[in-house]
Amino acid sequence: HLQRDIGAQVPSYYKIKDEYELKDDGYNLYTTETNDGINYAILNIEEKEIKFFSSVKETRIFGKKYYTQKYVYKSKNVSSNLVQQIFFNFILPKHKIIATDDTQSKGGKNMWKNIIKHAIDNNRYEVGYSKNGKDLILFDKDNWQKEFNNGYIYTETFFYIKLK
């Protein structure tokens, strides 16, 4: 319903985030709070187009509180770099730990793979997975891609990134 809502102006319930300039294309990032989380959106008002959208929801995974990034959308002309800027500069600092949701498209899997690679290459994050929801297992820096690909075999596996 966001596409319908943007019309000629940004809905009043979206607040512009001025703390960080998005370097990629000079777009503004908007947020709105929901009952169970926050929506993040980059809107091109002139073209009435959603450039990026993500909903971060509070959830319980096997009884533990996490935040999951759901319903991620980016238009084709938005770079993966911009998605990473939003994730690492806004979403993760706000929520401290983000887990994957249980439904991933091929594009979603690739997005998570790129985000996890960036996080592993940067020592400021704890990055891992859980196969049973109880034990969090840190990725091995040298074998993480194999562990990541194997994780998609199991339906109860989720991946997470956490600020250290």
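The structure contained in this document is the topic of the report that follows. (Residues numbered from 1 in each chain as written. Predicted model: local features only at pLDDT ≥ 70, side-chain atom pairs only at ≥ 80, totals over all residues. Heavy atoms only, no water.)

Brief notes about the packing of aromatic side chains
Any two aromatic rings considered together are summarised by their centre-to-centre distance and by the angle between their planes. Just so we agree on the cut-off: Aromatic rings from Phe, Tyr and Trp, taking only the six-membered ring of Trp, are treated as a pair when their centres fall within 6.5 Å; an angle between ring planes under 30 degrees marks them as stacked, one over 60 as edge-to-face, and anything in between as tilted. Put simply, DSSP marks the helices as runs of H or I at least four residues long and the strands as runs of E at least two long, and each gets a number from the N terminus on. Accessibility here uses a 1.4 Å probe with only protein chains present; expressed as a share of the type maximum, an area under 20% marks a residue as buried, one over 50% as exposed, and anything in between as partly exposed.
Overall, the coordinates contain nine aromatic pairs when judged by the stated rule. Geometrically, the ring pair formed by F87 and W112 is edge-to-face, given 5.7 Å between the ring centres and 80° between the ring planes. Pair noted here: F87 is in helix α2 (residues 80-95) and W112 is in helix α3 (residues 106-121), with a separation of 25 residues, a long-range link. A relative accessible area of 1% places F87 in the buried class. Judged by its relative accessible area of 1%, W112 is buried. The interplanar angle of 40° and the centroid separation of 5.2 Å between the aromatic rings of Y129 and F139 together place this pair among those described as tilted. Remark: F139 occurs in the loop between β8 (137-138) and α4 (144-151) and Y129 occurs in strand β7 (residues 125-130); sequence separation between them is 10 residues. Accessibility expressed as a relative area gives 8% for Y129, which makes it buried. Relative accessible area serves as the criterion here: at 9%, F139 is assigned to the buried category.

Things to note about the pairing of strand β5 (residues 64-74)
Condition: A pair of strands counts as paired when DSSP detects no fewer than two bridges linking them. Crossover handedness is defined by viewing with both strands directed away from the observer: a clockwise path from the first strand over the helix to the second marks the crossover as right-handed.
Summarising the sheet, strand β4 (residues 49-61) and β5 pair through nine bridges and their orientation is antiparallel. Its bridge partner lying in β5, E58 is registered against Y67. Of the pairings in the sheet, the one linking β5 to strand β6 (residues 97-100) comprises three bridges and is parallel in character. In the sheet register, Y67 faces β6, and the bridge partner there is I98. For the crossover from β5 across α2 to β6, the handedness is right-handed.

Structural notes on the packing of α3 against α4
Formally: Only the stretch in contact is used when a helix axis is fitted, and all axes are lines through C-alpha atoms; the angle between N-to-C directions ranges over 0 to 180 degrees. Should an angle fall under 35 degrees it is called roughly parallel, over 145 degrees roughly antiparallel, and 65 to 115 degrees roughly perpendicular, with every other angle called oblique. Handedness of a crossing follows from how the near helix is turned relative to the far one, being left-handed for an anticlockwise turn of less than a right angle and right-handed for a clockwise one. Whether two residues are in contact is decided by their heavy atoms, any of which lying within 4.5 Å being enough. All residues other than Ala, Val, Leu, Ile, Met, Phe, Trp, Tyr, Cys, Pro, Asp, Glu, Lys and Arg, Gly among them, are scored as polar; the first ten of these are nonpolar and the last four charged.
Axis separation between α3 and α4 bottoms out at 11 Å; the angle between their running directions is 150°. Put simply, α3 runs roughly antiparallel to α4. Viewed along their axes, α3 and α4 form a crossing whose handedness is right-handed. Along the contact surface, α3 presents K109, W112, K113, I116, K117 and I120, while α4 presents W144, Q145, F148 and N149. Taken together, the residues that form the contact of α3 with α4 break down as five nonpolar, two polar and three charged.

Quick notes on the pattern of salt bridges
Our working rule: Here, a salt bridge means any Lys or Arg side-chain nitrogen found within 4 Å of an Asp or Glu carboxyl oxygen.
Applying the stated criterion across every chain, the model contains two salt bridges. Linking E58 and K65 is a salt bridge whose minimum nitrogen-to-oxygen distance equals 4.0 Å. Across the pair K117 and D121 runs a salt bridge, and its minimum N-O distance is 2.8 Å. Placement of the pair is K117 and D121 together in helix α3, with a separation of four residues, close to one helical turn. Under the relative-accessibility criterion, K117 is labelled partly exposed at 39%.

Some points on the pairing of strand β9 (residues 158-163)
Within a regular strand, side chains alternate between the sheet's two faces. As defined by bridge partners, β6 adjoins β9 across three bridges and the pair is classed as antiparallel. Note that in β9 the partner of I98 across the bridge is I161. Relative to β9, β7 runs antiparallel, the two being bridged by six bridges. Considered in β9, the bridge of S130 is made with F158.

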